[in-house]
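Results of the structural survey
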Amino acid sequence: KGVIRVDEFMHSSDPYIWAAGDIVEFPMATYNNELVTIGHWGLAMYMGKIAALNIMGKQEPAKTVPFFWTMQYGKSIRFAGLCNGCDSTLVESDETGFLQLYTKDDLVMGVCTLGRDPIAAHFRNLVLKGEKLKLEDAAEKLKAVLPKS
């Protein structure tokens, strides 16, 4: 597969090798230690920091949630989560954007938004805290962070 498998400390099976970035497959602690390979510069920088701390003997595990964003034609598209094997549910869509949820067994595993900042960041923070968000409660809980219009 062309990856270096590492543990949550970015340590490989070789006692002298740590690795980080899109070359590694690592256990995503926030998603039941699912083994993932994610090619994104923000995550690569974070993993490099975790590897460096562990090389120095700090015993710091990686605890993160994938988060991606882009600006296209003046519109902000954001995604947070991990959606392998998920179903997709469109919660809302209008001329200003959308809120899309990705679920597995009625739990929200990922969020994609257009024009709905800061919902994706809020979802990421909930996952980092260990909260599980049920589909039936998701729209209300996530939309609560939107500015009142």
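Report follows, based on the coordinates. Since we're looking at a predicted model, the values are computed, not measured. (Residues numbered from 1 in each chain as written. Predicted model: local features only at pLDDT ≥ 70, side-chain atom pairs only at ≥ 80, totals over all residues. Heavy atoms only, no water.)

**Thoughts on the packing of aromatic side chains**
What the rule picks out here adds up to 4 aromatic pairs. Following the ring pairs from residue to residue traces out a cluster consisting of Trp41, Phe67 and Trp69. (Phe/Tyr/Trp six-rings, centres within 6.5 Å; stacked < 30°, edge-to-face > 60°.)

**Points about the nonpolar core**
In terms of nonpolar packing, the biggest core is built from 34 residues, with Met10, Phe26, Tyr31, Val111, Phe123 and Leu142 touching the most fellow members. Of all the secondary structure elements, the ones that give two or more residues to this core are β2 (24-28), α1 (41-55), β7 (97-104), β8 (107-114), α2 (119-128) and α3 (135-143). (Core = buried A, V, L, I, M, F, W, Y, C linked by side-chain atoms within 4.5 Å. Buried < 20%, exposed > 50% of the residue type's maximum accessible area, 1.4 Å probe, protein only. Helix = DSSP H or I, 4+ residues; strand = E, 2+ residues; numbered from the N terminus.)

**Description of the packing of α2 against α3**
As a packed pair, α2 and α3 sit with axes 9 Å apart at the nearest point and diverge in direction by 115°. Like other packed secondary-structure pairs, α2 and α3 cross with a definite hand, here right-handed. Each of Ile119, His122, Phe123 and Leu126 in α2 lies in contact with α3, whose residues at this interface are Lys141, Leu142 and Lys143. Residue composition of the contact of α2 with α3, by class: 4 nonpolar, 1 polar and 2 charged. (Axes fitted to C-alpha atoms, helices over the stretch in contact; angles between N-to-C directions. Left-handed = near helix turned anticlockwise from the far one by under 90°. Contact = heavy atoms within 4.5 Å. Nonpolar A, V, L, I, M, F, W, Y, C, P; charged D, E, K, R; others polar.)

**A look at the environment of Lys132**
Along the chain, Lys132 falls in the loop between α2 and α3. With 129 residues separating them in the primary sequence, Lys132 and Val3 have C-alpha atoms 30 Å apart.

**Section: α1**
Three- or four-residue spacings in an α-helix give side chains the same orientation, since the helix completes a turn every 3.6 residues. Its 15 residues give α1 an end-to-end C-alpha distance of 21 Å, which sits within 8% of 21 Å, the value for a rise of 1.5 Å per residue. The complete set of buried residues in α1 reads Leu43, Met47, Ile50, Ala51 and Asn54. End-on view of α1: buried residues confined to an arc of 100°, all on one side of the axis. In α1, the exposed residues that point more than 90 degrees away from the buried face are Trp41, Met45, Lys49 and Ile55. In this fold, the buried residues of α1 make contact with β2. (Expected span 1.5 Å × (residues − 1). Arc of directions from axis to C-beta.)

**Digging into the sheet that holds strand β1 (residues 4-5)**
In space, the 3 strands of this open sheet follow the order β1-β2-β3, with mixed pairing throughout. Looking at strand neighbours, the two that pair on one side only are β1 and β3 (34-36), the edges of this open sheet. Across 3 bridges, the pairing between β2 and β3 is antiparallel. The residue bridging Pro27 from the neighbouring strand is Leu35, located in β3. (Pairing = 2+ DSSP bridges.)

**Things to note about the pattern of salt bridges**
Per the stated rule, a full pass over the model turns up 6 salt bridges. What emerges from the salt-bridge pattern is a single network uniting Glu92, Asp94, Arg116 and Lys143. (Salt bridge = Lys/Arg side-chain N within 4 Å of Asp/Glu carboxyl O.)

**Some remarks on the environment of Met109**
With respect to the secondary-structure elements, Met109 resides in strand β8. Note: C-alpha distance between Met109 and Gly85 (24 residues apart in sequence) is 9.9 Å. Look past the residues within four positions of Met109 in its chain and what remains in contact with it is Tyr31, Ala80, Gly81, Leu82, Cys83, Cys86, Tyr102, Thr103, Lys104 and Phe123.

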